[in-house]
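# Results of the structural survey
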Amino acid sequence: MSDIAMIEAAARRLDGYARRTPLLSSPFLDEIAGRPVFVKAECLQHTGSFKFRGGWNAVSALKPAGVLAYSSGNHAQGVALAAQRHGIPAVIVMPADAPAIKIANTRALGAEVVTYDRGATTDRDALGARIAAERGLTLVKPFDMAEVIAGQGTVGLEIADQAAEVGVTGAEVLVPCGGGGLTSGIALALEARAPGLRVRPVEPEGFDDVARSLIAGERLRNARLAGSICDAIITPETGDLTWPILKRLCGPGHVVTEAEALAAMALAHDRLKIVLEPGGAVALAAALFRPGDGPVIAVASGGNVDRAMMARALAG
């Protein structure tokens, strides 16, 4: 199980390799939200998302001869770059309907891409396990892996330091949530370093298993696994490692619509001059369009969006 010691060890491995992404703000966003809004811009991380952190930490810690990952795109790119820089091969199992830019970027980073039909009966985990066994590769899971959670938790260490720098000691920290690796990692880091900052997961409408699970007190699944523009954070359910952390440390979840995610993308572009993908914008959408008291910190988890989707967001 990941803990603060593992997260601090991950920070040491990432030092000099990952970017310390900025905490941004805009008075225009504050006015919309009716409270101070801060945005942790992980879209500016290597490969365009926080996933590089977990990928780098896992490869650095485990020192495998080769890696396999399954991902709709952001974890794929993070692991592919980590493998490339460590000089080892990477095979990435990706849904065929993943954004073309994510598939193209993963291949450009030197990884072999194997696609599957997300809407069919293909068992992604079984497919990945078979390829890994056949080729002697080490599986780097997208969220339910201690080393990956610890790597993502370094976002929380930075938030704790940056919030203190701007005088924020109490706030909601809204995090885009799929399987819960980023959310649980940040929650563990803040528990130790900034207990006045409370994590709340954010999900797209129709794929809100975490919000429902937190209400029910037990892990629930999503009824479907495709059909949202927020592809980066669509998973069947949280993990065996992430769910207990989410249950213990996270506040009630937020659920936002696709229209709200697109509006947040446009506002991030216009007011912060950053590019977000729909799944990476859901936390900002909740910060802007859901009521709350006091400061709010929204994690902008990824910016790997194709031109057509960005144009859709900017068209309003």
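Residues numbered from 1 in each chain as written. Predicted model: local features only at pLDDT ≥ 70, side-chain atom pairs only at ≥ 80, totals over all residues. Heavy atoms only, no water.

Looking only at helices and strands, the protein features 13 helices and 10 strands. Evaluated residue by residue, the protein yields a buried proportion of 59% over its 316 residues. In the protein, of all internal contacts separated by at least 6 residues, the share reaching a separation of at least 24 is 74%. Accessible surface computed for the protein: about 12,000 Å², of which carbon and sulfur atoms make up 52%. If the 31 positive side-chain charges of the protein are averaged to one point and the 33 negative ones to another, these points end up 3 Å apart. (Helix = DSSP H or I, 4+ residues; strand = E, 2+ residues; numbered from the N terminus. Buried < 20%, exposed > 50% of the residue type's maximum accessible area, 1.4 Å probe, protein only. Contact = heavy atoms within 4.5 Å. Areas by Shrake-Rupley, 256 points an atom, 1.4 Å probe, with all protein chains shown as cover. Lys, Arg positive; Asp, Glu negative; His and termini not counted. Charge placed at Lys NZ, Arg CZ, Asp CG, Glu CD.)

Attention now moves to the pattern of salt bridges. Inspection of every chain in the model, using the stated rule, returns 16 salt bridges. R35 is the partner of E172 in a salt bridge, and the nearest nitrogen-oxygen pair spans 3.4 Å. One end of the pair, E172, is in strand β7 (residues 171–176); the other, R35, is in the loop between α2 (27–33) and β2 (37–41), and 137 residues separate them in sequence. Given the relative accessible area of 5%, R35 is considered buried. (Salt bridge = Lys/Arg side-chain N within 4 Å of Asp/Glu carboxyl O.)

Turning next to the environment of L81. Note on placement: L81 falls in helix α4 (residues 74–86). The exposure class assigned to L81 is buried, which follows from its relative accessible area of 6%. In the structure, L81 is positioned 25 residues away from W56 in sequence and 8.1 Å away in space, judged by C-alpha atoms. Not counting the four nearest positions on each side in its chain, L81 is found in contact with H46, T47, F52 and L109.

Attention shifts here to the sheet that holds strand β3 (residues 67–70). Ordered in space as β5-β4-β3-β6, the four strands form an open sheet in which the pairing is parallel. Each edge of the open sheet is held by one strand with a lone partner, namely β5 (112–116) and β6 (138–139). Relative to β5, strand β4 (residues 90–95) runs parallel, the two being bridged by five bridges. Pairing of I92 across the sheet is with V113, part of β5. (Pairing = 2+ DSSP bridges.)

Further remarks concern the nonpolar core. Judged by nonpolar contacts, the single largest core of 36 residues is most densely connected at M265, I274, L276 and L284. At the level of secondary structure, the elements contributing two or more residues to this core comprise α2, β2, α11 (258–272), α12 (278–289), β10 (296–300) and α13 (307–315). Per-element tally for this core: the top contributor is α12, with eight residues. Setting aside its immediate chain neighbours within four residues, I274 contacts L24, V39, A41, C43, L44, A268 and H269. (Core = buried A, V, L, I, M, F, W, Y, C linked by side-chain atoms within 4.5 Å.)

By the element assignment, L190 lies in helix α8 (residues 181–193). Between the alpha carbons of L190 and A300 there is a distance of 17 Å; along the sequence they are 110 residues apart. Residues contacting L190, with those up to four places away along its chain left out, are G156, I159, A160, V173, P195, L197 and V199.

A word on the layout of surface pockets. There is about 920 Å³ of room inside the largest pocket. Lining the largest pocket we find 48 residues, and of these R124, P142, F143, T235 and P236 sit closest to its centre. For the lining of the largest pocket, a count of residues per class yields 15 nonpolar, 19 polar and 14 charged. In this model, the second largest pocket occupies a volume close to 180 Å³. In terms of lining, the second largest pocket is formed by A11, L14, D15, G16, A18, R19, R20, R53, T154, L157, E158 and D161. Those elements that place two or more of their residues in the lining of the second largest pocket are α1 (4–14) and α7 (146–165). The leading source of residues in the lining of the second largest pocket is α7, at four residues. Here the residues of the lining of the second largest pocket sort into four nonpolar, two polar and six charged. (1 Å grid on protein atoms, 1.4 Å probe; cavity = no way out; pocket = protein on both sides within 12 Å on 5 of 7 lines; lining within 4 Å. Points joined across faces, edges and corners; volume = space filled by probe spheres on them. Nonpolar A, V, L, I, M, F, W, Y, C, P; charged D, E, K, R; others polar.)

Attention shifts here to the sheet that holds β10. One open sheet accounts for six strands, arranged β1-β2-β10-β7-β8-β9; its pairing is mixed. The sheet is open, and its two borders are formed by β1 (23–25) and β9 (254–256), each paired with just one other strand. Each strand of the sheet is rotated relative to its neighbour by a mean of 30°, with strand direction disregarded. Bridging between strand β8 (residues 197–204) and β9 involves three bridges; their strand directions are parallel. When the bridges of β9 are listed, E203 appears paired with V255. In this fold α7 packs onto β1, β2, β7, β8 and β10, with an angle of close to 140° to the strand it touches most, β2. (Axes fitted to C-alpha atoms, helices over the stretch in contact; angles between N-to-C directions.)

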